[in-house]
Amino acid sequence: MVKPVRKAIFPVAGLGTRFLPATKAIPKEMLPVLNKPLIQYAVEEALDAGIDTFIFIVSEGKEAIKDHFAPSPELESMLEEQGKHDLLALVQGAVLKTGRAAYIIQDQPLGLGHAIWCGRNELDLDNEAVAVILPDDLILNQSGPGCLKQMIEIYQNVGGNLAAVENVPREQTNRYGILDVVSEDGALAKAKGLVEKPDPADAPSTLSIIGRYVLQPEVFTYLDKKERGAGNEIQLTDAMAQTIGHIDFHGFRFEGTRFDCGNQIGFVEANVAFAKAHSTS
Ligand code: G1P
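Quick caveat, the model's predicted, so the values are computed rather than measured. (Residues numbered from 1 in each chain as written. Predicted model: local features only at pLDDT ≥ 70, side-chain atom pairs only at ≥ 80, totals over all residues. Heavy atoms only, no water.)

### Looking at the site of the ligand
Next, step 1: Near the ligand the following residues occur: Leu112, Leu134, Asp137, Tyr176, Gly177, Glu196, Lys197, Ile209, Gly211, Tyr213, Gln235 and Thr237.
Next, step 2: Contact between the ligand and Thr237: an oxygen atom at 3.2 Å from a side-chain N or O atom of the residue.
Next, step 3: Its free accessible area being 380 Å², the ligand has 74% of it covered by the protein chains.
Next, step 4: No other element matches strand β11 (residues 207–215), which puts three residues into the shell around the ligand. (Near = heavy atom within 4 Å. Polar contact = N/O pair within 3.5 Å; in protein donor to acceptor, adjacent residues only side chain to side chain. Areas by Shrake-Rupley, 256 points an atom, 1.4 Å probe, with all protein chains shown as cover. Helix = DSSP H or I, 4+ residues; strand = E, 2+ residues; numbered from the N terminus.)

Set out below in structure tokens:
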């Protein structure tokens with residue numbers, strides 16, 4: 001029996017400097033792809049995967065994220081009175097029920113591993129695994145299940161640590177966590193090691209981690225050590241790498257197209273792709 005996955009962590013404390021000045025007063029996760037903010041796509045993907053508790057790792061100035069998932073009684077009653085039921089459904093569809101969302105402040109930008117570690121007190125680390133979604137990585141799978149749902153299905157069979165992966169051009173390995181692959185089995189690539197942002201010349205493969213994970217509690221034991229890695233940050237990739245040997249690590253080649261909404265071109269491409277996917281003409 002694998003440990004169940006009922007909670008998801010969303011690390012959203014970053015400054016969004018690549019989108020300044022747009023992100024001066026608005027969290028980058030609130031930038032819209034079509035009519036929905038990036039963070040809502042991440043939450044909907046998690047809901048679709050059966051997640052029932054949402055842990056947001058935020059920084060000061062990210063209140064708009066919390067507001068977005070809270071009820072807006074005035075707006076809702078106005079839409080109700082006006083009979084605008086479609087719009088009301090959209091507004092209410094973005095509300096997370098009380099008790100299902102937690103907002104934890106990451107008070108220092110010490111890296112992705114540190115952000116995930118900040119969520120530890122919301123977890124039952126003896127009994128459950130946890131999902132992680134990086135909202136910058138937006139994945140469109142028009143005809144099938146979302147990426148996290150695909151992952152959790154596969155996880156029921158393989159257990160261990162799991163991350164979404166795809167191949168990237170070799171010159172881009174220094175932007176990603178990279179797998180040192182030991183064997184392949186269909187959509188799964190088993191790794192004997194992981195390297196965070198290696199130079200293209202040193203990368204053990206071009207198979208790159210995309211921002212979806214299922215993590216075993218043991219990862220938190222390594223995050224507890226707060227060891228610094230690439231960029232002098234506490235890296236999730238390093239903590240996962242240290243569990244290899246006693247916990248399997250698999251990369252999962254998901255169905256769907258991933259857009260890197262952490263950069264401007266990827267964000268615009270996502271908008272175009274989602275517009276086309278939702279176009280009725
Ligand atoms: C993070 C992870 C990296 C992963 C990437 C996916 O990097 O550290 O291993 O490949 O997300 O988007 P970041 O994009 O935060 O620099």
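Next comes the rest of the description.
### Describing helix α8 (residues 236–243)
Next, step 1: Of the residues making up α8, those classed as buried are Leu236, Thr237, Ala239, Met240 and Thr243. With its buried residues spanning 165 degrees around the axis, α8 presents them on a single face.
Next, step 2: Gly245 occupies a position one or two residues after α8 and carries a positive phi of about 115 degrees. (Buried < 20%, exposed > 50% of the residue type's maximum accessible area, 1.4 Å probe, protein only. Arc of directions from axis to C-beta.)

### So, the nonpolar core
Next, step 1: Residues Phe10, Ile51, Phe56 and Leu148 are the most contacted members of the largest nonpolar core, which totals 37 residues.
Next, step 2: If you list the elements that add at least two residues to this core, you get β1 (5–11), α1 (38–48), β4 (53–58), β6 (129–133), α6 (147–158), β8 (161–167) and β11.
Next, step 3: Ranked by the residues each element gives to this core, the list is headed by α6, at five residues.
Next, step 4: For Phe10, the contacting residues outside a window of four places in its chain are Ile39, Ala42, Val43, Ala46, Phe54, Ile55, Phe56, Ile57 and Ile133.
Next, step 5: Formed by 33 residues, the second largest nonpolar core is a distinct cluster that contains Leu179, Leu223, Leu236 and Phe249. (Core = buried A, V, L, I, M, F, W, Y, C linked by side-chain atoms within 4.5 Å. Contact = heavy atoms within 4.5 Å.)

### A short note on a negative patch on the surface
Next, step 1: On the surface, Glu60, Glu63, Asp67 and Asp107 cluster together into a negatively charged patch.
Next, step 2: With respect to the secondary-structure elements, Glu60 resides in the loop between β4 and α2 (63–68). (Patch = residues over 30% accessible without salt bridge, like charges linked within 9 Å, V, L, I, M, F, W, Y side chains within 5 Å. Salt bridge = Lys/Arg side-chain N within 4 Å of Asp/Glu carboxyl O. Lys, Arg positive; Asp, Glu negative; His and termini not counted. Charge placed at Lys NZ, Arg CZ, Asp CG, Glu CD.)

### Considering the environment of Met240
Next, step 1: Relative to the helices and strands, Met240 is located in helix α8.
Next, step 2: Separated by 80 residues in sequence, Met240 and Gly160 have C-alpha atoms that sit 10 Å apart.
Next, step 3: Met240 has contacts with Leu194, Ile209, Tyr213, Leu215, Val219 and Phe249, leaving out every residue within four places of it along the chain.

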